[in-house]
Amino acid sequence: MPHALTELRLNSATRPPHQAIPEVSADVCVVGAGIAGSTAAIESARLGRRTVLVDSLPLIGGQMVHSLIGLFCGVFGNAPEYAQLTHGIFDDIFRELAPGGDLHFARSHTTTVFYNEVALGRWLERTVHALGIQVITGAVLTHAALTADGRLTYIDLATRFGDLRVRADGFVDASGDAALSWEAGLPCWVPERVIYGSQQVIVENLNEEHRPEPGAIDAVFAAKGEERGLLRRGGLAFFFPGRGTAVLNVTHIDAPLDPLDASRAMFQGRDQADRAIALLKAEFPKAFGDSRVRAYGFPGRRQTRWIQGGHQLTVEEVRNGTRFHDAVARTAWPVELHDRADGYVWEMFDADHVHYVPLRSMTPPGATNLVAAGRCVDGDAAALSSVRVMGPCSAMGAAAAHALDLAGRSGADGGVHDIDIAELRHRLAANLGAPGAGGAD
């Protein structure tokens, strides 16, 4: 008589008509697991805070890993000194990834750092796990409870595995689109016209010996982009030395907040990338003739919706290098505003230039325990375009963690609006450098 293949039995199950939402409690809840949110979560955990890290993607890393950006910008100052302006987790990343050949430091007007996104993603996962950070992925924010006196008490999330509520003493909005602030009913800024994102692509089987000269790709796209149906008439190929691969940043795509339009933009972005690659193959056959796509990134978004903070950073403050009394992050990255389909504004700064982000640009006046970090902080469109890159975004994440920590320890009614700024600056000294540059407001 044949034996059963398994003793496993099946139980009949039906969804209960009324089911209590499970809850998670923490000291700090970070919404968004890109560079800003990951830094905020890691810094909070290292401060001894029970930390929850939430992201809508099924993996952590955000655009840093999954949009295939491929290089860190804004971490270093301009030539000829190339001073490192942001430390913290970048010191950890550089120390851990460089020995394996997963980083490449390239110098031009500044130092940009090419990275292997697979190695970076695994480093991040291991670090978050080792610190005991509770991670919730594949989660969509459905509600944020803000009290009349401006305290965010909990958020509700929907996942494919069920709903979940997270209660926390403090929250970080590192969503990129100000999703947490928006859901809490706080006022936000929306640009009057599209600020374009990009569909990044990694291509392989390249011949590095014949890589195009600087400016050559821009010239070809400007001359032949229209006939190829390309929106953006220029672009860059970031070759990772010795690997025969490059990250292509050669497209402009819409970045809508509407769910149907967002799906449409994703497909259009991939079409734009395919057309751009076909043009590169035709015009630079020695470099790109045998190339093929290794991976398409998730659609990259630059500036979509951001908070209204206690202070709106202006482009004049960026140009002047205004050093605020509550400065928490710095960078020397140019104004890089992608507000037209065919190109973008690129305004570079002098060798010794540094500009700053104040804490007030990260704190909505209507909430006492919420700090924004990353590309959804308050600035005019041009100013924000110069501080939304990964260096200052990471510094903002660290600042958010410390601001919430100080607010929790002080217990003041004003929360993050009433912390000891001198102590905050002391904690963030490595990311602020020596005082005295620029003015103070």
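Figured I'd write up the structure that's included with this text. (Residues numbered from 1 in each chain as written. Predicted model: local features only at pLDDT ≥ 70, side-chain atom pairs only at ≥ 80, totals over all residues. Heavy atoms only, no water.)

### Some details on the pairing of strand E19 (residues 355–358)
Piece 1. Of the two faces of E19, the one carrying His355 and Val357 and the one carrying Tyr356 and Pro358 are both buried.
Piece 2. Bridge analysis of strand E16 (residues 327–331) against E19 gives 4 bridges, and the strand direction is antiparallel. Residue pairing for E19: Thr331 is matched across the bridge by His355. (Buried < 20%, exposed > 50% of the residue type's maximum accessible area, 1.4 Å probe, protein only. Helix = DSSP H or I, 4+ residues; strand = E, 2+ residues; numbered from the N terminus. Pairing = 2+ DSSP bridges.)

### A short note on the pattern of salt bridges
Piece 1. Within this structure, the stated rule accounts for 27 salt bridges.
Piece 2. When the shortest N-O distance is used, the salt bridge between Arg264 and Asp254 registers 3.9 Å. Of this pair, Arg264 sits in helix H7 (residues 259–283) while Asp254 is found in the loop between strand E13 (245–249) and H7, placing the two residues 10 residues apart along the sequence.
Piece 3. Its relative accessible area of 33% is what places Arg264 among the partly exposed residues. (Salt bridge = Lys/Arg side-chain N within 4 Å of Asp/Glu carboxyl O.)

### Focus: the nonpolar core
Piece 1. Grouped together as the largest cluster of nonpolar side chains are 78 residues, with contacts concentrated most on Met64, Phe72, Phe94, Leu120, Val172 and Met362.
Piece 2. The element best represented in this core is helix H11 (residues 390–410), accounting for 10 residues.
Piece 3. The contacts of Val172, once residues within four sequence positions are left out, are Val28, Cys29, Val30, Val31, Ala40, Leu180, Leu370, Val371, Ala373, Ala400 and Leu404.
Piece 4. With 22 residues, the next largest nonpolar core counts Ile136, Ala139, Ala144 and Leu186 among its residues. (Core = buried A, V, L, I, M, F, W, Y, C linked by side-chain atoms within 4.5 Å. Contact = heavy atoms within 4.5 Å.)

### Brief notes about the pairing of strand E9 (residues 162–173)
Piece 1. Pairing geometry for strand E1 (residues 23–31) and E9, over 8 bridges, is parallel. Looking across to E9, one finds that Ser25 is bridged to Arg167.
Piece 2. Pairing of strand E8 (residues 152–159) with E9 involves 6 bridges; the strand directions are antiparallel. Paired with Thr159 across the strands is Gly162, a residue of E9.
Piece 3. Joining the antiparallel neighbours E8 and E9 is a turn of 2 residues.

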